[in-house]
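Geometric and topological summary
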Amino acid sequence: MGVWWGPVVRVLVLQAAWALGGGQVRYSVPEEAKAGTVVGRLAQDLGLEAGEPEARRLRLVAQGRRASVEVSGASGALVVSSRLDREELCGKSAPCALRLEVLVERPLRVFHVELEVTDINDNAPLFPAARKNLSLPENSPPGSRFPLEGASDADVGANAQLSYTLSPSEYFTLDVKSSDENRKSLFLVLAKSLDRETMPEHRLVLTASDGGRPSLMGTMELVISVLDVNDNAPQFNQSVYKVQLPESAAEGTLVVRVNATDPDLGIYGEVLYEIDTFVPPSASDVFSIDTNSGEIRLTGALDFETETLFDLHVKAKDKGSPPLSGHCSVELEVLDVNDNAPEVWVTSLSVPVPEDAAVGTVVALLSVSDRDSGANGRVRCAVWPAAPFGLVATFAGSYSLVLREALDRERVSEYEVEVRAEDGGAPALRASRGLRVPVSDVNDNAPAFAQAVYTVLARENNAAGAELARLWARDPDEAGNGRVSYSVAESVGGGAVAGGGWRAASSYVSVDAESGRLWALQPLDYEEVQVLQFEVRAVDAGEPPLCGNATVQLFVVDENDNAPALLPPAGGGPGGGAAGSAASGPGSGSGALWAWAAWGAPAGQVVAKIRAVDADSGYNAWLRYELWEPRGKGPFRVGLYSGEVSTARALEEADGPRQRLVIVVRDHGEPARSATATLSVSLVEGAEAALAAAGSSSSGAGLRPAAGAEGGAAAATNVWLVVAICAVSSLFLLAVVLYGASRWAPRAAVLSGPGPATLVCASEVGSWSYSQRQSRSLCVAEGAGKSDLMVFSPNFPPPPGPAAKETQPEPPALVDTVSGPPFVACRPFPLLVALVARPLGRRWWEPGSAAGARGRRGLGGCFLRVFTGPSRPCRSARGLAVGEEASKEASKVLPHPAAVAIRS
């Protein structure tokens with residue numbers, strides 16, 4: 001039931017309203033209602049049933065303005081279709097009613113609807129401008145009023161009721177007067193005197209508030225500018241400007257920019273600058289100021305060493321009338337820069353310095369200064385080179401140049417000393433002063449030779465006064481201390497001369513006192529002196545004088561100035577034919593020799609030996625022997641270096657009774673020198689040759705016998721031959737007995753034994769031996785002058801009997817060096833040899849006799865041992881001659897009674 005009564009009530013209400021309003025419906029809606037807001041149920045209010053609004057096409061017709069509402073077709077409700085703005089629709093009118101016409105078809109009817117839009121507080125108060133500029137003179141009196149324009153509010157009613165407030169300020173207040181409800185007058189009142197220089201501009205905020213709930217506000221900014229008057233003098237921002245500037249600042253450098261301000265405006269605030277006073281007055285040439293900008297710049301150079309502080313009084317004035325002015329002071333401190341190098345002066349110099357000056361000796365006094373200050377003026381000094389001088393600080397800025405090390409003028413005669421000064425600036429500046437310090441000489445060096453020992457070679461036979469060498473001693477001292485004189489030291493050195501003795505070197509050589517040339521005082525002779533050793537002394541002229549020595553070894557070089565000299569023969573010749581020789585004497589260029597050779601002598605039989613010597617040495621004394629005559633194939637030949645004349649073939653009777661040989665002896669010098677020997681060889685029977693050799697030994701050698709003498713010698717030889725034959729016959733039996741005794745008696749190990757003799761030869765050019773039978777024969781040289789050995793085996797046929805059948809070989813013969821010409825050893829019976837030799841031996845062997853001397857030379861200092869054996873005749877006369885010694889020495893030398901030895 002309740003549902004049915006609701007529509008009925010609404011229809012009744014609508015009809016009542018329609019009746020009262022003459023058919024007009026009224027609605028009210030607040031502005032700014034949202035779209036879709038239902039304003040009223042128009043279809044119901046018009047009495048339409050459900051479904052009729054749409055069936056009868058209920059719609060809204062606008063009357064000349066845009067409608068912001070519409071009719072919903074389905075429900076027939078009046079709803080807001082767009083924004084409703086009362087101020088836009090009605091402005092300030094109140095109330096704001098919109099008249100609407102509603103059409104319904106079938107039947108067509110028109111209904112009038114009035115829609116009132118009510119106001120809400122949606123608009124804040126609004127001033128004509130957001131900013132208001134006011135200009136007030138700063139001398140305006142307090143209480144002055146300045147009108148302001150108020151704000152407006154688009155709302156109506158209480159929402160448009162405005163009230164005003166002013167931001168707090170000590171200078172201004174707000175005065176509001178209401179002329180009516182809706183109009184109010186605003187005034188800005190000056191509460192305090194203005195000062196443009198203190199506050200040139202004031203900013204205030206004027207606020208208007210409406211009466212809505214909530215209240216809205218609007219604001220306006222008041223900018224009040226204070227107008228200037230010339231009531232302020234220029235004022236500097238500093239009363240004193242303190243500036244530091246290095247003295248190296250260039251012209252045009254900005255010193256400082258002074259700034260004076262005048263709070264006034266316009267020409268009252270324009271400031272001009274000038275320097276009123278310069279302290280010192282000379283600064284007027286150094287500084288200048290720009291009148292407009294206040295920049296002070298350098299117009300001259302600063303010098304810390306001249307002026308360190310400047311005081312400038314600057315004035316600033318405005319352009320008012322009269323002008324007002326302000327003052328300030330500029331204090332400029334000049335900073336030192338390291339622009340001055342140190343200075344070095346030599347106040348005293350003691351030169352030259354003797355080289356023996358003691359360490360610590362003061363050479364020079366120095367003074368050092370620097371015009372800069374502080375670290376820039378602190379100076380460090382050093383000396384270069386660091387040795388041998390040094391610096392010693394005596395007091396501030398003064399130094400002494402002293403000797404640190406010992407001097408040596410010979411090493412450094414002059415010093416270039418540099419004293420270097422350096423300050424402590426950054427960068428540091430340096431200065432130097434050069435000193436020339438010569439060193440004076442003292443005699444502290446003895447002359448010294450380049451060599452301690454000089455070896456000088458000088459050829460013999462040099463000319464007197466010839467220069468042999470040049471000696472040089474160096475003395476590094478100067479002047480007289482280095483002037484050297486030379487001399488041969490007396491009593492020191494010399495040379496051994498031929499024949500023994502000693503001669504001083506000063507008798508051979510001298511030395512030039514100034515040049516040191518070594519001169520020969522006389523020709524040198526190698527054969528007289530070979531080596532001179534002496535001392536040369538070099539003395540300087542210093543005080544005291546010093547000296548040095550050098551040893552000179554002068555070797556005389558041999559020249560080939562001596563020809564070979566033939567020596568006398570040492571004895572008779574050996575061999576199957578005895579050989580004798582003679583010479584004209586030593587030192588002769590040629591000589592005549594003689595010798596004997598036996599017929600039938602085999603090839604190689606030595607018949608003589610040519611002996612020669614050369615006083616020179618080396619190659620100059622090396623001799624060679626050449627057979628000059630006869631040339632071709634003669635029966636004789638000569639050893640190239642031994643001088644032995646031997647048979648080249650077996651001698652025959654066709655060779656004649658005598659052969660004349662010319663032998664040339666040459667040395668190896670350049671040019672070679674020579675001597676000639678003539679050798680006459682007589683060809684005789686074997687026995688005659690032996691006797692001739694013995695005779696020649698007894699009669700002497702060295703002279704060739706004349707014809708009469710040769711006959712006497714032959715007769716003597718025959719006599720002795722007869723005697724020998726008789727003695728052999730007489731003693732044959734005794735020999736048989738002795739032979740038998742030797743066969744059964746014990747043998748001597750070395751000095752006795754059977755067998756033939758063995759020939760062994762040795763010389764400078766080789767050695768050789770011939771052996772026909774076994775034997776034991778010993779030859780020993782005693783005091784021989786030459787190293788020649790000649791032992792010959794007799795040229796006899798082998799003995800018959802058991803001796804020829806010996807098959808057991810005997811040991812080889814023991815041979816030693818033998819000097820002299822060859823001799824013959826034969827194997828006769830010992831007793832026979834002794835008997836034969838006895839008549840000859842006394843003269844031949846006695847030491848005091850000339851014959852004995854010749855005999856000894858003939859034997860050549862050899863042992864002749866005769867052993868027991870088969871009896872054989874001895875064909876060698878030389879063998880007979882040596883028998884005597886066998887008889888004398890047999891009992892002393894031979895351990896076996898059957899052995900006979902001969903020793904010279």
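We now examine the overall build of the protein. Helix and strand counts for the protein come out as 11 helices and 56 strands. Classification of the 904 residues of the protein by burial places 44% in the buried group. A sequence separation of at least 24 residues applies to 69% of the contacts in the protein between residues at least 6 apart. If you sum the accessible surface of the protein, you get close to 44,700 Å²; carbon and sulfur atoms cover 54% of it.

The full count for this structure, using the stated rule, is 9 aromatic pairs. A ring pair is formed by Phe449 and Tyr454, whose centres lie 6.2 Å apart and whose planes are at 80°; its orientation type is edge-to-face. A relative accessible area of 10% places Tyr454 in the buried class. Ring-pair connections join several aromatic residues into one group, and the members of that group are Phe449, Tyr454 and Tyr486. Against the face of Phe187 rests Arg145, its NZ or CZ located 4.5 Å from the ring centre. A cation over an aromatic ring shows up here: Arg631 above the ring of Trp628, its NZ or CZ 4.0 Å from the ring centre.

Tallied over the full model, the rule gives 25 salt bridges. The salt bridge involving Lys319 is made with Glu270; its shortest N-O contact spans 2.8 Å. Taken together, the positions of Lys319 in the loop between β22 (309-318) and β23 (325-335) and Glu270 in the loop between β18 (260-261) and β19 (271-279) put the pair 49 residues apart, joining distant regions of the chain. Take Glu270: its relative accessible area is 34%, and that puts it in the partly exposed class. Arg409 is the salt-bridge partner of Asp441, the closest N and O atoms lying 3.0 Å from each other. A residue pair is termed long-range when its members are at least 10 positions apart, and Asp441 in the loop between β31 (430-440) and β32 (448-449) and Arg409 in the loop between β29 (398-403) and β30 (414-423) qualify at 32 residues. Look at Asp441 and you get buried, because its relative accessible area is 14%. By sharing partners, the salt bridges in this structure join Arg409, Glu410, Asp441 and Glu478 into a single network.

All right, on to the side chain of Asn340 then. For Asn340, the position within the fold is in the loop between β23 and β24 (343-349). Here the side chain of Asn340 touches Asp339 through a polar contact of 2.8 Å, side chain to side chain. Here Asp372 takes part through its side chain, which lies 2.8 Å from a polar atom of the side chain of Asn340. Those residues in contact with Asn340, other than ones at most four positions away along the chain, are Glu305, Asp370, Arg371, Asp372, Asp423 and Leu429.

Cis peptide bonds are those with omega within 30 degrees of zero, and the linkage from Val351 to Pro352 qualifies with -5°. Within the element layout of this structure, Pro352 appears in the loop between β24 and β25 (353-354). A cis geometry characterises the amide bond from Glu543 onward to Pro544, with omega recorded as -5°. With respect to the secondary-structure elements, Pro544 resides in the loop between β40 (531-540) and β41 (547-557). Positive phi values are uncommon outside glycine, yet Asn461 reaches one of about 65°. When its relative accessible area of 44% is taken as the criterion, Asn461 is described as partly exposed. Even without being glycine, Ala479 reaches a positive phi, approximately 55°. Mapping Ala479 onto the fold places it in the loop between β35 (473-474) and β36 (484-496).

Moving on, we come to the sheet that holds strand β28 (residues 389-395). One open sheet accounts for 4 strands, arranged β24-β26-β29-β28; its pairing is antiparallel. Among the strands making up the open sheet, the edge pair consists of β24 and β28. The mean angle between the axes of side-by-side strands here comes to 30°, regardless of whether they run parallel or antiparallel. Both β24 and strand β26 (residues 362-369) contribute to a ladder of 6 bridges, which runs antiparallel.

Because side chains alternate across β41, one face comprises the buried residues Gly548, Ala550, Val552, Leu554 and Val556, and the other comprises Cys547, Asn549, Thr551, Gln553, Phe555 and Val557, none of which is buried. Where strand β33 (residues 453-459) meets β41, 7 bridges bridge the pair, whose relative direction is parallel. Residue Tyr454 lies in a different strand from β41, and its bridge partner there is Val552. Looking at chain direction, β40 and β41 are connected through 9 bridges and run antiparallel.

Now for helix α7 (residues 732-744). An ideal rise of 1.5 Å per residue puts 18 Å on 13 residues; α7 measures up with 19 Å between its terminal C-alpha atoms. Every buried residue of α7 is accounted for by Ala735, Gly740 and Ser742. Axial view of α7: buried residues confined to an arc of 160°, hence all on one face. Looking at α7, the residues exposed on the side facing more than 90 degrees away from the buried face are Leu733, Val737 and Trp744.

Here we come to the environment of Asp210. Turning to its location among the elements, Asp210 is positioned in the loop between β13 (201-209) and β14 (217-227). For the pair Asp210 and Leu162, spaced 48 residues apart in sequence, the C-alpha to C-alpha distance is 4.3 Å. Not counting residues up to four positions away in its chain, the partners in contact with Asp210 are Asn121, Asn123, Ala124, Pro125, Asp153, Asn159, Gln161, Leu162, Ser215 and Leu216. For Asp210, the side chain forms a polar contact with the main-chain nitrogen of Gly212, separated by 3.5 Å. Here Leu216 takes part through its backbone nitrogen, which lies 2.7 Å from a polar atom of the side chain of Asp210.

With that settled, the discussion passes to the sheet that holds strand β47 (residues 636-638). Pairing is antiparallel across the open sheet formed by 3 strands, whose spatial order is β44-β48-β47. Edge strands, defined here as strands with exactly one partner in the open sheet, are β44 (606-609) and β47. Averaged over neighbouring strand pairs, the angle between their axes works out to 25° when direction is ignored. Across 3 bridges, the pairing between β44 and strand β48 (residues 644-647) is antiparallel. In the strand pairing of β48, Lys609 is matched with Glu644.

Let's shift gears to the side chain of Ser682. The residue Ser682 is located in strand β50 (residues 674-684) in this model. Not counting chain neighbours up to four residues away, the residues in contact with Ser682 comprise Ala595, Trp596, Ala597, Pro657 and Arg658.

Further remarks concern the environment of Glu559. Positionally, Glu559 belongs in the loop between β41 and β42 (565-566). For the pair Glu559 and Tyr619, spaced 60 residues apart in the sequence, the C-alpha separation amounts to 10.0 Å. Ignoring anything within four residues of it in the chain, the contact list for Glu559 reads Arg459, Glu460, Asn461, Asp616 and Asn620.

In this section: the confidence of the model for the protein. Taken as a whole, the protein shows an average pLDDT of 74; of its residues, 71% reach a score of 70 or greater. Predicted confidence is poor over residues 1-22, with pLDDT under 50, and the contacts of this stretch with residues over four places away or in other chains come to 11 contacts. Per-residue pLDDT stays below 50 along residues 747-904; that stretch engages in 357 contacts with residues further than four places along the chain or on separate chains.

So, how was this worked out
Residues numbered from 1 in each chain as written. Predicted model: local features only at pLDDT ≥ 70, side-chain atom pairs only at ≥ 80, totals over all residues. Heavy atoms only, no water. Helix = DSSP H or I, 4+ residues; strand = E, 2+ residues; numbered from the N terminus. Buried < 20%, exposed > 50% of the residue type's maximum accessible area, 1.4 Å probe, protein only. Contact = heavy atoms within 4.5 Å. Areas by Shrake-Rupley, 256 points an atom, 1.4 Å probe, with all protein chains shown as cover. Phe/Tyr/Trp six-rings, centres within 6.5 Å; stacked < 30°, edge-to-face > 60°. Lys NZ or Arg CZ within 6 Å of the ring centre and 35° of its normal. Salt bridge = Lys/Arg side-chain N within 4 Å of Asp/Glu carboxyl O. Polar contact = N/O pair within 3.5 Å; in protein donor to acceptor, adjacent residues only side chain to side chain. Pairing = 2+ DSSP bridges. Axes fitted to C-alpha atoms, helices over the stretch in contact; angles between N-to-C directions. Expected span 1.5 Å × (residues − 1). Arc of directions from axis to C-beta. pLDDT = per-residue confidence, 0-100.

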